[in-house]
Amino acid sequence: MRLWTVHPKYLDAKGLVAAWREALLAQKVLAGLTRGYTRHPQLERFRAHPDPIGAIGAYLDGLHGEALRRGYAFDDSKIARRQYPGRIAETRGQLLHEWAHLAGKLRARSPGVARRWRGTRVPGAHPLFRICAGGARPWEKSRPKK
């Protein structure tokens, strides 16, 4: 499961669809509707807030907005609740860690998309996140490909 901090505009088609499916799974986990993935580290930042369902709904809404922009038909009726008062603080180090990780994935499966974004040193964040100082999160398990 990867709930990207980077803005969904940077994802290739496969990545955007995967992010949508994984965020829908995360919504089920946070709602207590599934037994799997309940301890997944990517969920910590959502669980830490008073309204985890609203937060994951706002995350899904950001993905849905990007899907609409591209002409995709993601079913927004699957979003339990879109409203979340505020934004989630996330670190610049986490954003850059994920950017390096995504860049490796894009080079391997979508070279054209990788070329489009190769000059981007610091990507924009998903609209749910407010970027603040700090390194990659301790719960981060991936190692970026060089």
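Before any of the text, the structure's been laid out above.
Residues numbered from 1 in each chain as written. Predicted model: local features only at pLDDT ≥ 70, side-chain atom pairs only at ≥ 80, totals over all residues. Heavy atoms only, no water.

Moving on to the overall build of the protein chain. The secondary structure content of the protein chain amounts to five helices and two strands. Tracing the protein chain from N to C terminus, the helices and strands come up as α-α-α-β-α-α-β. At 15 Å, the protein chain has a C-alpha radius of gyration in line with the 15 Å of a compact globule built from 146 residues. Taking the principal axes of its C-alpha atoms as reference, the protein chain extends roughly 40 × 35 × 30 Å. Here the protein chain holds 146 residues, and 46% of them are scored as buried. When the accessible surface of the protein chain is totalled, it reaches about 7800 Å², and 52% of it is carbon and sulfur. Averaging the locations of the 29 positively and 11 negatively charged side chains of the protein chain gives two centres separated by 7 Å. (Helix = DSSP H or I, 4+ residues; strand = E, 2+ residues; numbered from the N terminus. Rg over C-alpha atoms; globule rule 2.2 N^0.38 Å. Buried < 20%, exposed > 50% of the residue type's maximum accessible area, 1.4 Å probe, protein only. Areas by Shrake-Rupley, 256 points an atom, 1.4 Å probe, with all protein chains shown as cover. Lys, Arg positive; Asp, Glu negative; His and termini not counted. Charge placed at Lys NZ, Arg CZ, Asp CG, Glu CD.)

Located in the positive-phi region is Tyr37, a residue other than glycine, with phi close to 60 degrees. Here Tyr37 lies in the loop between helix H1 (13-30) and helix H2 (44-47).

Pairs can form between side chains of opposite charge whenever their charged atoms are close. On inspection of all chains with the given rule, the structure shows nine salt bridges. The salt bridge partner of Glu98 is Arg2, with a shortest N-O separation of 3.6 Å. One end of the pair, Glu98, is in helix H4 (residues 92-109); the other, Arg2, is in the segment before H1, with 96 residues separating them in the sequence. Across this residue pair, the class does not change: Glu98 and Arg2 are buried. Where Arg45 meets Glu98, a salt bridge forms, and the shortest distance between an N and an O atom there is 3.9 Å. Taken together, the residues span a long stretch of sequence, with Arg45 in helix H2 and Glu98 in helix H4 at a distance of 53 residues. For the pair shown, Arg45 and Glu98 are each scored as buried. (Salt bridge = Lys/Arg side-chain N within 4 Å of Asp/Glu carboxyl O.)

Moving on: the side chain of Gln94. As for its position among the elements, Gln94 is in helix H4. Here Gln94 falls in the buried class, since its relative accessible area comes to 0%. For Gln94, the side chain forms a polar contact with the side chain of Glu98, separated by 2.9 Å. In this structure the side chain of Gln94 is engaged in a polar contact, spanning 2.5 Å, whose partner is the side chain of Glu140. (Polar contact = N/O pair within 3.5 Å; in protein donor to acceptor, adjacent residues only side chain to side chain.)

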